[in-house]
Structures are given as C-alpha cells and as structure tokens.
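If you want the building blocks of each chain, they are given just below.
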Amino acid sequence: MTDIDVTLLAGGLGSRMRGVSGDTPKVLAPIAGRAFLGHLLDHLAAYGARRVVLCLGHLADRVTAWLAQGDTNRSLDVVCQIEPSQMGSAAALAYIRKDLKAGTVLVMSGDTFLDADLRAFVASHRLSGAEASVLCVEVEDAARFGRVEVGPDSRVRQFLDKAPGRGVINAGVYLFSAAFLDRIAASGASSLTRDVLHKMPPGTLHGHVAKARFIDMGTPESLAVAASVIGGRET
C-alpha cells in the first residue's frame, strides 16, 4: 500500500455518542487505553500505508491537538484538512481531492473498524479492473446497516434496505481510482453512498467480501465492546 493514499472521513457530528463521549470526537474515543485514531493509524501502517489525509470537521481542533502530541506511527505522513462547513461524505471527498495524489485512493469512514486484510482488498481491486471497489463484511445482525448483494463474479448487484438477521454489509471502506474521484468531485454529490454508489449501474462496482470482525463506533453499545475487537481483549 506504499503507492496508495488513504483518506479518513472524520468530520461527523457524532450525535449518537454525545452521552458517552461528551466533547470528545469519535476518532479520539478511548479504546483499550488509547485514542481510537491511534489504533486505526497503526492498523494502516501495518499494511504499508505511508500517507493519510484526515478530513475533519466537528471538534477538529481536538484531533489536531492530539496529533501534535505525537502519539502516531512515525512512518505515516498525516495531512489534516478541515471542512469549512458540515459536509456529506462525497462533498468532503471533493473538498480534499487536491490533496489525494496517488492513482488509487483508499477511502475509509473514521468511525468504523474491521481487521480485514487490506492487502487482499487491494489485490482483489486491481485484478477486478473496476474503477471502484467496496469492502464488505458479513455480520450476525444487519439491522443497523444497509445490505449489499454481491454476485458470484464479485460485482455489486444492488444495495438493499436494512433488515434484521445475518447479512453482507458495506463496511465503509473503498478503493477508488483517480478518475472515479474526479467524477465524484465534479458531480456536486453530497452523500457518497446515497448519491454516488447507490446510483451506479448493477455490476459496475467490485465487491470484496472479507472475513473480518467489524465494529461501528457510532453508538454507545459499540463503544462498550470496541476493545475486544480493536485491542484484542475484553473490556
């Protein structure tokens, strides 16, 4: 992944976490004695990432102050960009497009974590020939997440509504070509999922289904079990 830029979209308000985290941004939520962002950056560095662009918004000053303390992997070049106003995920990508220099970019939500093999995801993306790939994971209960139907050819057939029970979901991790990013930037879209990915013709997107543990940091319930997934130990 040395030739791939990574961007973390971490500008959300975190309204579901206010009662637990107070004025702490979700990316700085304490997990196993360390800020979540520290774990996430270490995970990326372990797979060879060298450059990370953080797209910040709400409470951005807390994140930049944490970074200034130096609790990050020294092999990473971390660039911060702060949204001028609250933006959707596609609009945020458009805002930071000029900072993404690589021909392929790994886009991640700053409030999810999965211990997937990112090298396998990159290899799968390159073999597919697709301009955009979605990293998917199977979960026990997909009630909180939209499902993804991936065909036997590893192409996304459709995005489905939320429904309880076991299912394959979008894990919020993507690989996009530079040309695909350019089209997002020119489209004026707000939401990456609703306005861009969900409108792609069936079979356009590559879907890589990984066997991995997944956690969405967006709720107090998820935060309570995060250390067992990220830190490798029970809370």
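Residues numbered from 1 in each chain as written. Predicted model: local features only at pLDDT ≥ 70, side-chain atom pairs only at ≥ 80, totals over all residues. Heavy atoms only, no water.

In the annotation of an unreviewed UniProt entry, the protein is listed under the name Sugar phosphate nucleotidyltransferase and assigned to Azospirillum brasilense.

A. Layout of the confidence of the model for the protein. For the protein, the mean per-residue pLDDT works out to 89, and 92% of the residues sit at or above 70. Considering only residues more than four positions removed or in separate chains, one finds that residues 15-21, a stretch of pLDDT under 50, has 16 contacts. (pLDDT = per-residue confidence, 0-100. Contact = heavy atoms within 4.5 Å.)

B. Quick look at the pairing of strand E8 (residues 132-139). Taken across its 8 residues, E8 has 7 buried, putting it largely inside the fold. Across 8 bridges, the pairing between E8 and strand E11 (residues 167-177) is antiparallel. Bridge pairing links Ala-132 to Phe-176 in E11. Across 5 bridges, the pairing between E8 and strand E12 (residues 206-210) is parallel. Residue Val-134 lies in a different strand from E12, and its bridge partner there is Gly-207. (Buried < 20%, exposed > 50% of the residue type's maximum accessible area, 1.4 Å probe, protein only. Helix = DSSP H or I, 4+ residues; strand = E, 2+ residues; numbered from the N terminus. Pairing = 2+ DSSP bridges.)

C. Geometry of helix H5 (residues 118-128). Within H5 the residues assigned to the buried category are Leu-118, Phe-121, Val-122, Ser-124, His-125 and Ser-128. What you see down the axis of H5 is that its buried residues fit within an arc of 165 degrees, all on one side. Where H5 is buried, its residues touch helix H2 (36-46), strand E6 (104-109), E8, E11 and E12. Structurally, the start of H5 carries an N-cap: the backbone nitrogen of Arg-119 is 3.0 Å from a side-chain oxygen of Asp-117. (Arc of directions from axis to C-beta. Polar contact = N/O pair within 3.5 Å; in protein donor to acceptor, adjacent residues only side chain to side chain.)

D. Inspection of the pattern of salt bridges at higher detail. Applying the stated rule across the entire model yields 14 salt bridges. In this structure, Arg-34 and Asp-42 form a salt bridge, with 2.5 Å as the shortest nitrogen-oxygen distance. A salt bridge links Arg-194 to Asp-195; the shortest N-O distance between them is 3.3 Å. On the accessibility criterion, Asp-195 (23% relative accessible area) is partly exposed. Each of Asp-5, Arg-51 and Asp-77 takes part in salt bridges that share partners, so that together they form one network. (Salt bridge = Lys/Arg side-chain N within 4 Å of Asp/Glu carboxyl O.)

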